[in-house]
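# Structure assessment
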Amino acid sequence: MRQNGIHHVTAIAGPARRNLDFYGRVLGLRLVKKTVNFDDPGTYHFYYGDETGQPGTILTFFPWEHVAAGRLGIGETQETRFRIPEGALGYWMHRFVERGVRHEALERRFGETVLPFRDPDGMRLALVAVPGLEATPGWSNGDIPAEHALRGFHSVGLLLRDATPTAAVLTDVLGFAEAGREESVLRYAVDGASGLAVPGGIVDLRVAGEFLPSRMGGGSVHHVAFRAADDAVQAEMVRRLSENHGLRVTEQKDRNYFRSVYFREPGGVLFEIATDEPGFAADEPVSSLGGTLKLPRFLEGRRGEIEAVLPAIA
Ligand code: ZN
């Protein structure tokens with residue numbers, strides 16, 4: 001079945017251990033893969049998701065021990081949002097207070113209740129209460145009850161100078177349709193335009209006139225990846241990007257758990273198109289995802305050297 005939406009979001013973090021503690025323990029996401037940055041194997045690459053790491057639930061990090069903080073600017077992802085069941089809102093507000101998680105007052109956006117918060121690197125995150133989501137199973141880390149667990153992404157919000165060319169790529173290539181407007185925010189969604197039937201079904205475009213230039217660093221989103229079921233669907237998207245939008249993509253890169261092409265969308269945000277296949281169970285069973293350091297075949301011969309330079313996280 002052809003399914004569109006966000007595949008994963010990749011961000012830059014500070015110390016690896018702090019990142020594991022926040023996303024694994026405080027937010028209760030499952031570490032579904034512990035590997036390295038294939039282009040920089042002295043750096044970890046952590047993948048968090050739901051129980052099986054399905055597309056639309058995957059938040060990934062490159063943690064750097066001494067990273068400088070990023071600064072949000074135009075052409076960047078402003079906020080990354082997770083879905084929670086409506087009944088879990090009180091639990092999370094309480095947990096954020098108890099754990100000292102920096103958060104703001106509840107907001108109403110597009111008729112939904114939103115709880116904005118930050119991770120230890122200042123990354124802008126939010127929980128969005130979605131009615132009826134109780135029926136979608138959650139994964140428990142043993143501390144947070146499954147009923148309150150995060151249920152994958154709700155959306156990303158992109159900060160842009162002009163929404164039009166980015167919207168054209170979302171609608172013509174990536175399977176989104178316009179779903180609403182609220183002040184300076186345009187909402188795009190998949191799946192009959194509610195975007196709530198699948199995780200990662202919504203992208204918000206916020207148009208902001210003047211803003212300081214961005215600086216990538218700790219807490220910055222590096223890129224947003226969108227789903228393609230397989231290589232054929234990805235190739236068709238690449239063709240449309242080129243023919244209809246004049247956009248060139250990188251050659252396809254094998255990321256072991258998906259195959260990817262990358263391009264900078266017209267608003268300046270780095271986009272990726274990642275295949276749903278083969279998924280995170282490609283090199284370890286679902287029951288033990290994330291348990292040990294996994295390396296792609298071309299780096300396996302350097303395992304000893306790589307393990308020696310990676311920061312201790314135990
Ligand atoms: Zn990616």
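Whatever comes next refers back to the structure up there.
Rules of the game
Residues numbered from 1 in each chain as written. Predicted model: local features only at pLDDT ≥ 70, side-chain atom pairs only at ≥ 80, totals over all residues. Heavy atoms only, no water. Helix = DSSP H or I, 4+ residues; strand = E, 2+ residues; numbered from the N terminus. Rg over C-alpha atoms; globule rule 2.2 N^0.38 Å. Buried < 20%, exposed > 50% of the residue type's maximum accessible area, 1.4 Å probe, protein only. Contact = heavy atoms within 4.5 Å. Areas by Shrake-Rupley, 256 points an atom, 1.4 Å probe, with all protein chains shown as cover. Lys, Arg positive; Asp, Glu negative; His and termini not counted. Charge placed at Lys NZ, Arg CZ, Asp CG, Glu CD. 1 Å grid on protein atoms, 1.4 Å probe; cavity = no way out; pocket = protein on both sides within 12 Å on 5 of 7 lines; lining within 4 Å. Points joined across faces, edges and corners; volume = space filled by probe spheres on them. Nonpolar A, V, L, I, M, F, W, Y, C, P; charged D, E, K, R; others polar. Donors = N, O, S within 2.8 Å, 3.2 Å for Na, K, Ca; no water. Salt bridge = Lys/Arg side-chain N within 4 Å of Asp/Glu carboxyl O. Pairing = 2+ DSSP bridges. Axes fitted to C-alpha atoms, helices over the stretch in contact; angles between N-to-C directions. Phe/Tyr/Trp six-rings, centres within 6.5 Å; stacked < 30°, edge-to-face > 60°. Lys NZ or Arg CZ within 6 Å of the ring centre and 35° of its normal.

Each helix and strand in the protein chain was counted, giving seven helices and 16 strands. For 314 residues, the compact-globule estimate of 2.2 N^0.38 gives 20 Å, and the protein chain sits close to it at 18 Å. When burial is assessed residue by residue, the protein chain has 55% of its 314 residues classed as buried. Pairs at least 24 apart in sequence give 67% of the contacts found in the protein chain among residues at least 6 apart. Surface summary for the protein chain: the accessible area is close to 13,100 Å², and the carbon and sulfur share equals 50%. Averaging the locations of the 35 positively and 41 negatively charged side chains of the protein chain gives two centres separated by 3 Å.

Let's shift gears to the layout of surface pockets. Within this model, the largest pocket holds a volume of roughly 420 Å³. Contributing to the lining of the largest pocket are 21 residues, with Gln78, Glu79, Arg81, Glu107 and Arg109 lying nearest its centre. For the lining of the largest pocket, the per-class residue count stands at six nonpolar, three polar and twelve charged.

Let us now look at unusual backbone geometry. Cis rather than trans, the peptide bond between Glu277 and Pro278 has omega equal to 0°. Within the secondary structure, Pro278 sits in the loop between β16 (270–275) and α6 (297–300). Non-glycine residue Glu183 carries a positive phi angle of around 50°. Inspection of the secondary structure puts Glu183 in the loop between β10 (177–182) and β11 (185–189). The phi dihedral of Asn256 falls on the positive side, at around 70°, and the residue is not glycine. Along the chain, Asn256 falls in the loop between β14 (253–254) and β15 (259–264).

Glancing now at the coordination of the zinc ion. Tetrahedral metal sites with four donors have an ideal angle of 109.5 degrees; octahedral sites with six donors have ideal angles of 90 or 180 degrees. On the protein side, the zinc ion has His8 (NE2), His223 (NE2) and Glu272 (OE) as donor atoms, found 2.0 Å from it. Going along the chain, you hit the donors of the zinc ion in the pattern H-x214-H-x48-E. Taken as a pair, His8 in strand β1 (residues 6–13) and Glu272 in strand β16 lie far apart in primary sequence, 264 residues in all. Like Glu272, His8 is buried.

A few words on the pattern of salt bridges. Summed over all chains, the structure comprises 24 salt bridges. Of the charged contacts in the structure, one is a salt bridge between Arg95 and Asp143, with a shortest N-O distance of 3.0 Å. Residue Arg95 is found in helix α2 (residues 89–99), and its partner Asp143 is found in the loop between β8 (124–130) and β9 (153–160); the two are separated by 48 residues along the sequence. Relative accessible area serves as the criterion here: at 4%, Arg95 is assigned to the buried category. Taken together, the shared-partner salt bridges in this structure form one network comprising Glu79, Arg81, Glu107, Arg109, Glu112, Arg187 and Asp204.

Before going further, it helps to spend a moment on the sheet that holds β8. In any sheet, the strands associate via hydrogen bonds between backbone groups, in a parallel or an antiparallel arrangement. Strand order across the open sheet formed by eight strands is β6-β7-β8-β5-β9-β12-β11-β10, with mixed pairing between neighbours. If you trace the sheet from one side to the other, it starts and ends with β6 (107–109) and β10, each paired once. Adjacent strand axes in the sheet meet at a mean angle of 30° when their direction is disregarded. Along the sheet, α2 contacts β5 (76–85), β7 (112–118) and β8; its crossing angle with β7, the most-contacted strand, is approximately 20°.

Let us now look at the packing of aromatic side chains. Overall, the coordinates contain 19 aromatic pairs when judged by the stated rule. Where Phe22 meets Tyr23, the ring centres are 5.0 Å apart and the plane angle is 80°; that geometry is what we call edge-to-face. Neither residue differs from the other here; Phe22 and Tyr23 are each classed as buried. Ring centres of Phe82 and Phe153 lie 5.4 Å apart, and the angle between their planes is 25°; on these two criteria the pair is classed as stacked. Within this pair, whereas Phe82 is found in strand β5, its partner Phe153 is found in strand β9, the two being separated by 71 residues in sequence. Each member of the pair, Phe82 as well as Phe153, is classed as buried. Aromatic rings pair up to connect Phe22, Tyr23, Tyr44, Phe46, Tyr48 and Phe61 into one cluster. Stacked on the ring of Phe110, the Lys or Arg Arg187 has its end atom at 4.0 Å from the ring centre.

Before going further, it helps to examine the environment of Ala208. Here Ala208 shows up in the loop between β12 (202–207) and β13 (221–228). In this structure Ala208 comes out as buried when scored by relative accessible area, which is 8%. Contact partners of Ala208, with chain neighbours within four places excluded, come to Ile74, Leu159, Leu160 and Arg161.

What follows covers empty space enclosed by the protein. This structure, assessed with the given rule, holds one cavity of 30 Å³ or more. Each pocket or cavity is described by its volume, and for the largest cavity that value is around 80 Å³. For the largest cavity, the full set of lining residues is Leu27, Gly28, Leu29, Gly49, Asp50, Thr57, Trp139, Ala149, Leu150, Arg151 and Gly152. When the residues that make up the lining of the largest cavity are grouped by side-chain class, the tally is five nonpolar, four polar and two charged.

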